[in-house]
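Here's the letter readout for the chains.
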Amino acid sequence: MQIPQLKILLKDFDENIIYDQDLKKKNWFNIGGKSKVFYKAENLKDLIKFLKLLDNKEKIFVIGAGSNTLISDDIFDGVVIKLSKNFNRISLLKEDVIISGSAVLDKSLSEFATENHLSGFEFLSCIPGSIGGGIKMNAGCFGKEFKDILLSIQAINKKGNLLTIPSNEINFDYRNNDLPEDLIFLSASFKGVKSDYSKVNSEVKKMKSLKEKNQPMKIKTGGSTFKNPINQTNKKVWELIRESVSIDTKFGDAHISEKHSNFFVNKGNATFNDMKNLIDFVSKKVLEKTGIKLDKEIKILE
């Protein structure tokens, strides 16, 4: 639909919609064009109504923290949905079970678990994303993944239907799962292990220290660009990139991080094409040098 038609259809949501919204500041790369429609969902009731009105007639992309998202400089001919602070709540269901909204940052869930003397969530302190994104890609680090602590998810599909899915009905893989692509995650329940605060806090500090030592911080990056090719080699993807590509390789302001070669950074005003060309070039060179085909971990919106 064209914007004039959408304005009529979605008139009840005028206060929460921006048309031709600039997406450049909505992601960590600081790269991107505009979205035809940008909708900030205030609550579940409004989200259901909004989705039922759209009736799946538009492409929909849900943006969380924007930490692993590369967005095209062109206009996204669809609807970008951002969940409000009402999806950003955390509470204890019982002493070892936490319910978290999908808009909660991973590090915030880790902090909440630490404060409540629960272990198992320490690795989340090092993942720069939101709970919804973490579930979608089964995010992880330091040998732990979302699947290890997840009990169930609450979601809505793009036709506005609510679902609750126990984790034992989800097939998880490395940075992947078999959940339908049209789900928007609302909240999730997680199970931890009661522990001593000082032990949990010490483990969090240890992980954060390792991350700061080995990964670029406080720069415009999308995090890990490629998945580790665990079914093809024991080598980490950063090792394969180091072996195959000069660390000085760049396209415009899109560079390979000197600190971690699987992190690509925007050192100024990199465009979408700059970053996409760098990603494609590195993937091609690794394949030529090692015979290993890399899969992207980063999500591309175009």
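Quick caveat, the model's predicted, so the values are computed rather than measured.

Chemist: Whenever I open this one, the layout of surface pockets confuses me. Can you help?
Modeler: Any space left empty among the atoms is revealed by the rolling of a water-sized probe across them. Approximately 200 Å³ is the volume found for the second largest pocket. Forming the boundary of the second largest pocket are D173, Y174, N176, K227, N228, P229, I230, N231, Q232, K293 and D295. Residues that form the lining of the second largest pocket fall into these classes: three nonpolar, four polar and four charged.

Chemist: Even after reading the chapter, I still don't get the packing of helix α6 (residues 237-244) against helix α7 (residues 272-290), so can you show me in this structure?
Modeler: Packed helix pairs are specified by the crossing angle of their axes together with the interaxial distance, meaning the distance between the axes. Axis separation between α6 and α7 bottoms out at 9 Å; the angle between their running directions is 80°. As judged from the angle between their axes, α6 and α7 are roughly perpendicular. Between α6, through L240, I241, E243 and S244, and α7, the contact on the second element is made entirely by V282, K285, V286, K289 and T290. Here the contact of α6 with α7 is built from residues that sort into four nonpolar, two polar and three charged.

Chemist: How should I be thinking about the side chain of S130 in this particular structure?
Modeler: In this structure, S130 sits in the loop between β8 (118-119) and α4 (131-137). Look past the residues within four positions of S130 in its chain and what remains in contact with it is G64, A65, S102, A103, V104, L105 and D106.

Chemist: Sorry, what's going on with the environment of K94 here?
Modeler: Topologically, K94 is positioned in strand β6 (residues 90-94). For K94, a relative accessible area of 51% puts it in the exposed group. Sequence spacing of K94 and Q154 is 60 residues, and the spatial spacing of their C-alpha atoms is 18 Å.

Chemist: What exactly am I supposed to notice about the pairing of strand β20 (residues 263-266) here?
Modeler: The two faces of β20 match: F263 and V265 on one face and F264 and N266 on the other face are all buried. Of the strand pairs in this sheet, strand β17 (residues 221-224) and β20 are connected by two bridges, and their pairing is antiparallel. Residue pairing for β20: T221 is matched across the bridge by V265. Where strand β19 (residues 254-256) meets β20, three bridges bridge the pair, whose relative direction is antiparallel. Bridge pairing links I256 to F264 in β20. Linking β19 to β20, which pair antiparallel, is a turn of six residues.

Chemist: Is there a simple way to explain the sheet that holds strand β2 (residues 34-41) in this structure?
Modeler: In a beta sheet, neighbouring strands are held together by backbone hydrogen bonds and run either parallel or antiparallel to one another. With respect to topology, four strands assemble into an open sheet ordered β1-β2-β5-β3, the strand pairing being mixed. Edge strands, defined here as strands with exactly one partner in the open sheet, are β1 (17-22) and β3 (59-62). Pairs of neighbouring strands in the sheet enclose a mean axial angle of 35°, with direction left out of account. Bridge count for β3 against strand β5 (residues 76-83) is four bridges, and the pairing is parallel. Looking at the pairing, I60 lines up with V79 of β5. Most of the contacts of helix α2 (residues 44-54) go to β5, to which it runs at about 165°, and overall it touches β1, β2, β3 and β5.

Chemist: Explain the pattern of salt bridges to me, please; I cannot follow it from the model alone.
Modeler: A side chain of one charge can pair with a side chain of the opposite charge when the charged atoms of the two come close. Per the stated rule, a full pass over the model turns up 15 salt bridges. The salt bridge partner of K191 is D96, with a shortest N-O separation of 2.5 Å. Taken together, the residues K191 in strand β15 (residues 184-191) and D96 in the loop between β6 and β7 (97-101) connect sequence positions 95 residues apart. Among the residues examined, K191 registers a relative accessible area of 39% and is labelled partly exposed. For D148, the salt bridge is made with K147, and the minimal N-O distance between the two is 3.0 Å. By relative accessible area, K147 is classed as partly exposed at 36%. One network of salt bridges, in which partners are shared, links E145, K147, D148, R175 and E297.

Chemist: How do you make sense of the sheet that holds strand β12 (residues 162-166) when you look at a structure like this?
Modeler: In spatial order, the strands read β6-β7-β15-β11-β12; together these five strands make up an open sheet with antiparallel pairing. Each of the sheet's edge strands pairs with one partner strand only, and the pair in question is β6 and β12. When the angles between neighbouring strand axes are averaged without regard to direction, this sheet yields 20°. Of the pairings in the sheet, the one linking strand β11 (residues 150-156) to β12 comprises five bridges and is antiparallel in character. Across the sheet, the residue bridging to A155 is L163, located in β12. Strands in contact with α2 are β11, β12 and β15; relative to β11, the strand with the most contacts, it is inclined by about 55°.

Chemist: Just to check I follow, could you spell out the nonpolar core for this structure?
Modeler: Soluble globular proteins tend to pack their nonpolar side chains together in the buried interior. Counting residues in hydrophobic clusters, the biggest one holds 29 residues, and the most contacted among them are L109, F121, L124, I135, I153, L179 and F190. Elements that contribute at least two residues to this core include exactly α3 (106-115), α4, β11 and β15. Those residues in contact with I153 that lie beyond four places of it in its chain are I135, L163, T164, I165, I170, L179, F185, S187 and A188.

Chemist: What is the right way to read unusual backbone geometry from this model?
Modeler: With the exception of glycine, the majority of residues adopt a negative phi angle, and the majority of peptide bonds are in the trans configuration. The phi dihedral of H117 is positive, around 60°, even though this residue is not glycine. Here F142, not a glycine, exhibits a phi torsion of approximately 50°, which is positive. Positionally, F142 belongs in the loop between β9 (140-141) and β10 (144-145).

Reading the values: the criteria
Residues numbered from 1 in each chain as written. Predicted model: local features only at pLDDT ≥ 70, side-chain atom pairs only at ≥ 80, totals over all residues. Heavy atoms only, no water. 1 Å grid on protein atoms, 1.4 Å probe; cavity = no way out; pocket = protein on both sides within 12 Å on 5 of 7 lines; lining within 4 Å. Points joined across faces, edges and corners; volume = space filled by probe spheres on them. Nonpolar A, V, L, I, M, F, W, Y, C, P; charged D, E, K, R; others polar. Axes fitted to C-alpha atoms, helices over the stretch in contact; angles between N-to-C directions. Helix = DSSP H or I, 4+ residues; strand = E, 2+ residues; numbered from the N terminus. Parallel < 35°, antiparallel > 145°, perpendicular 65-115°, else oblique. Contact = heavy atoms within 4.5 Å. Buried < 20%, exposed > 50% of the residue type's maximum accessible area, 1.4 Å probe, protein only. Pairing = 2+ DSSP bridges. Salt bridge = Lys/Arg side-chain N within 4 Å of Asp/Glu carboxyl O. Core = buried A, V, L, I, M, F, W, Y, C linked by side-chain atoms within 4.5 Å.

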